[in-house]
Amino acid sequence: MMDPRESRGRRLGVTYAAPMGLWLTLFFLVPLLIIVMYSFLKKGLYGGVEWEFTLSAYQQMFNPNFMRVLLRTLWVAFISTVITIFLALPCGYAMARSKHQTLWLGMVIIPFWTNSLIRVYAWIAILSSEGFLNEALKAIGLIKESLPLIYNQGAVVTVLIYMYIPFAILPLFTTIDKFDFGLLEAARDLGATKPQAILKVLIPNIRSGIITAVIFTFIPIFGAYAVPLLVGGKDSYMIGNIIVDQVTKTRNWPLASAFSLIITLLSTLGVVWMMTASARESARSKTAPQVVDANGGVV
Amino acid sequence: MKGFDVTVKDVSRAYGAFKALDNVSIEIKKGEFFSLLGPSGCGKTTLLRIIAGFDSPDVGSVLLDGRNIIPLPPDKRQVNTVFQNYALFPHLSVYENVAFPLRLKHIPETKLDTKVRDYLHLVQLDAHLDKKPSMLSGGQKQRVAIARALINEPNVLLLDEPLSALDAKLRQNLLVELDHLHDQIGITFIYVTHDQSEALSVSDRIAVMNQGVVLQVGSPYEIYESPATDFVARFIGETNLFPAVVTKCEAYDKYFMTTLEIPELQAEIKVTDYDELKQGQQVSFTVRPEKLKITGHKPSRVGKDINLFSGVVEEPIYSGFQTKYYVRLDNGTVVKVQMQHTNYMDEGPDIEWKDQVYVSWSAEDGYIVEVIDK
């Protein structure tokens, strides 16, 4: 016999969860299922699909050209994320220790009020061969000929870092802000040098913030589309661009769906891997066995 | 005695216009349990942070075993700190917290293991090796912090109000443990506290500080029984304190019998003092509530050295082991009197509210303190 209070609690829980559940089903689960379905169907002549099961989308995907783009996308996302985190860490640290937190937060957030495409165009104005940077360098006599600053991989990585660094700074700032800086003094007191204190005490204690920052930067960069299109060159195509091409130009919706699934799958796997790794890390080092089990169970 | 002696020499430290430390000099002996005592903002923590290396003085030096340590970073000083909020590393287990300093030095695993277990045994935490700090009680956390600070075998242990976050009972127990630990290890302890009873009960010597200045350095007995200034008298324990003027001073035994005129009491009182004072000198007079005797009838022994006043009990405060009386003397001034309850040599019926009473004390129980506060 169930406790009546418990059953009432359950009914309430269902009521509270229903709107969110409905929302996620309608706008996340159903579209995702449609994409899964499309990826196993035959391509329609003028876009769309024909209702015939086939694996041809996946076979087409193992084209060496596509594979090269996939690897490049992974590489660009990886390198941009690493640089972003390395830049965002000291920023978040400085903001958390600053007396003018609101001011700095504003500086990080204000660029969001401008449309991202406009900001990319601003970068074009800065990086192009007659752009601000080249003209400035020429004016002070450092260079005579314009440097190739745009339409290459470097420009893509630069602009991607610029676009996504706030997404790394904000979670890092919030976790570092909650960090007890007295712990760094304790570490110094116990014989740690400054870098040792940062590495062995600060970093492990803000791990959750770092993981969030990595996820928030890596995933959107992995699916980037506008930036490589606008500031990249011939060799800067990323998966996002392929998907758009497959939908709009080549009209191969099943292939576009298959690529979308690959992005989702790789991102999800990455997130799960990072979260399990972090759980393992926190369960490591002389912790009681039952705690390891508890964490393992959750993950 | 092990440990190092610590000499603080002419140290000043200002934050903007605020003088946290104003020309402070203290000599702490090898192996001493030394307390820095004072109200919050008196500079005691700043001084501790300067010794630990987290802050540096504007002028002055700190000598550890005769060597100036001001240029050294905190990690190069043979000094370790027990922090007020414990400052345990939340991502590490109790074991790893204590092992932290050894791991930095790359001590071999077997040696490290024995040592960590030894030190956790010392603070009675053998059963909690694998727990995370968040799973420990306040007292256990502080024990981990102590073990962690001691495992580097420092020559001086700094304790920054280590017990202030604990409840009264636990504080007493840990205080006794700290005292034992000090006896066992024998290194120099520098203990910062605002709690005078903590300082009095464990220290070999105490420095009383206020507004960045050291007012008095001495044994707990000296600090309590012969405070050097108004502030020390008021800060350490309870007291009755009056401004006074010296009217007469004559040799008496090994002391000087001094007569003071106290405007608030509208009377002259007698007090013995080691120093000869000049007539007309402005001083303060203090006498502790427990040195005053309260009686329902006029005391039989009234000699040259007894000061006697009569008054009315305005407020008796019973607190179990004693009663504190606020007595309004006939001249209008209120004094505090403390009385222990015993039936031995019972001196008549209990004294109650609104009773007519006599308050008396011996000239030897009062103290003259110099006036520097005003």
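Note that the structure is predicted; figures quoted are calculated from it, not measured.

So, how was this worked out
- Residues numbered from 1 in each chain as written.
- Chains lettered and ligands numbered in written order.
- Predicted model: local features only at pLDDT ≥ 70, side-chain atom pairs only at ≥ 80, totals over all residues.
- Heavy atoms only, no water.
- Pairing = 2+ DSSP bridges.
- Helix = DSSP H or I, 4+ residues; strand = E, 2+ residues; numbered from the N terminus.
- Axes fitted to C-alpha atoms, helices over the stretch in contact; angles between N-to-C directions.
- Patch = residues over 30% accessible without salt bridge, like charges linked within 9 Å, V, L, I, M, F, W, Y side chains within 5 Å.
- Areas by Shrake-Rupley, 256 points an atom, 1.4 Å probe, with all protein chains shown as cover.
- Salt bridge = Lys/Arg side-chain N within 4 Å of Asp/Glu carboxyl O.
- Parallel < 35°, antiparallel > 145°, perpendicular 65-115°, else oblique.
- Left-handed = near helix turned anticlockwise from the far one by under 90°.
- Contact = heavy atoms within 4.5 Å.
- Nonpolar A, V, L, I, M, F, W, Y, C, P; charged D, E, K, R; others polar.
- Polar contact = N/O pair within 3.5 Å; in protein donor to acceptor, adjacent residues only side chain to side chain.
- Core = buried A, V, L, I, M, F, W, Y, C linked by side-chain atoms within 4.5 Å.
- Buried < 20%, exposed > 50% of the residue type's maximum accessible area, 1.4 Å probe, protein only.
- Expected span 1.5 Å × (residues − 1).

Moving on, we get to the sheet that holds strand β16 (residues 306-318) of chain B. Residue and element names in this part refer to chain B. Strand order in the open sheet made by the five strands is β15-β19-β16-β17-β18, with antiparallel pairing throughout. The open sheet has two edge strands with one neighbour each: β15 (293-295) and β18 (334-340). In this sheet, adjacent strand axes meet at a mean angle of 45 degrees when their direction is disregarded. As defined by bridge partners, β15 adjoins strand β19 (residues 356-362) across three bridges and the pair is classed as antiparallel. Within the sheet, the bridge partner assigned to T295 lies in β19 and is Y358.

What follows covers the sheet that holds strand β10 (residues 213-218) of chain B. Note on sheets: strands pair through backbone hydrogen bonds, and any given pair is parallel or antiparallel. All names here are of chain B. Here six strands make up an open sheet; going across it, the order is β6-β7-β8-β3-β9-β10 and the pairing mixed. Single-partner strands in this sheet number two, and they are β6 (79-82) and β10. Recorded for the sheet is a direction-independent mean angle of 20 degrees between the axes of neighbouring strands. Bridging between strand β9 (residues 205-210) and β10 involves five bridges; their strand directions are antiparallel. What sits directly across from A207, in β10, is V217.

This brings us to a nonpolar patch on the surface. Taken together, the side chains of M20(A), L22(A), W23(A), L24(A), L26(A), F27(A), F28(A), L29(A) and L33(A) present a nonpolar region at the surface, about 1,000 Å² in accessible area. Tracing the backbone through its elements, the reader meets L33(A) in helix α1 (residues 4-39).

Our next topic: the packing of helix α8 (residues 182-189) of chain A against helix α9 (residues 194-205) of chain A. Residues and elements named next belong to chain A. Contact pair α8 / α9: the axes reach a minimum separation of 9 Å and the direction vectors enclose 140 degrees. Relative to α9, α8 is oriented oblique. Along this stretch, α8 crosses α9, giving a crossing that reads as right-handed. Here L183, L184, A187 and R188 of α8 come into contact with α9, specifically with K194, A197, I198, V201, L202 and N205. Split by residue class, the contact of α8 with α9 holds seven nonpolar, one polar and two charged.

What follows deals with the interface of chain A and chain B. On the side of chain B, 28 residues touch chain A, which itself brings 22 residues to the contact. At the surface where chain A touches chain B, the tally comes to two salt bridges. Linking chain A with chain B are eight residue pairs in polar contact (both at pLDDT 80 or more), by the criterion used here. Listed by contribution, the elements that provide at least two residues to the side of chain A that touches chain B are α8 and α9 of chain A. Broken down by element, the side of chain A that touches chain B gets its largest block of residues, seven residues, from α8(A). Partitioning the side of chain A that touches chain B into residue classes produces eight nonpolar, eight polar and six charged.

This paragraph deals with the side chain of Q338(B). Residue and element names in this part refer to chain B. Residue position: Q338 is located in strand β18. A polar side-chain atom of Q338 sits 2.9 Å from a polar atom in the side chain of Q322. When neighbours within four sequence positions are excluded, Q338 is seen to be in contact with E238, P289, E290, L292, Q322, T323 and K324.

Turning to the nonpolar core, a few remarks are in order. Judged by nonpolar contacts, the single largest core of 60 residues is most densely connected at I26(B), L36(B), L47(B), F89(B), F100(B) and I190(B). In terms of residue count, helix α7 (residues 153-178) of chain A provides more of this core than any other element does, six residues in total.

A few words now on the packing of helix α5 (residues 116-127) of chain A against helix α6 (residues 132-139) of chain A. Residue and element names in this part refer to chain A. Two elements in contact, α5 and α6, have axes separated by 4 Å at closest approach and are oriented at 25 degrees. Classified by the angle their axes make, α5 and α6 are roughly parallel. Listed contacts from α6 to A125, I126 and L127 of α5 are F132, L133 and N134. In terms of residue class, the contact of α5 with α6 is built from five nonpolar, one polar and no charged.

The subject of this paragraph is α5(A). Working note: α-helix, 3.6 residues per turn, so residues spaced by three or four point in the same direction. Residue and element names in this part refer to chain A. Helix length check: α5 (12 residues) gives 17 Å between terminal C-alpha atoms against 16 Å at 1.5 Å per residue, within 8%. Tucked into the core, α5 has its buried residues touching α6, α7 and α11 (226-231). The residue sitting at the N-terminus of α5 and contributing the capping side-chain oxygen is N115; that oxygen lies 2.6 Å from the backbone nitrogen of L117.

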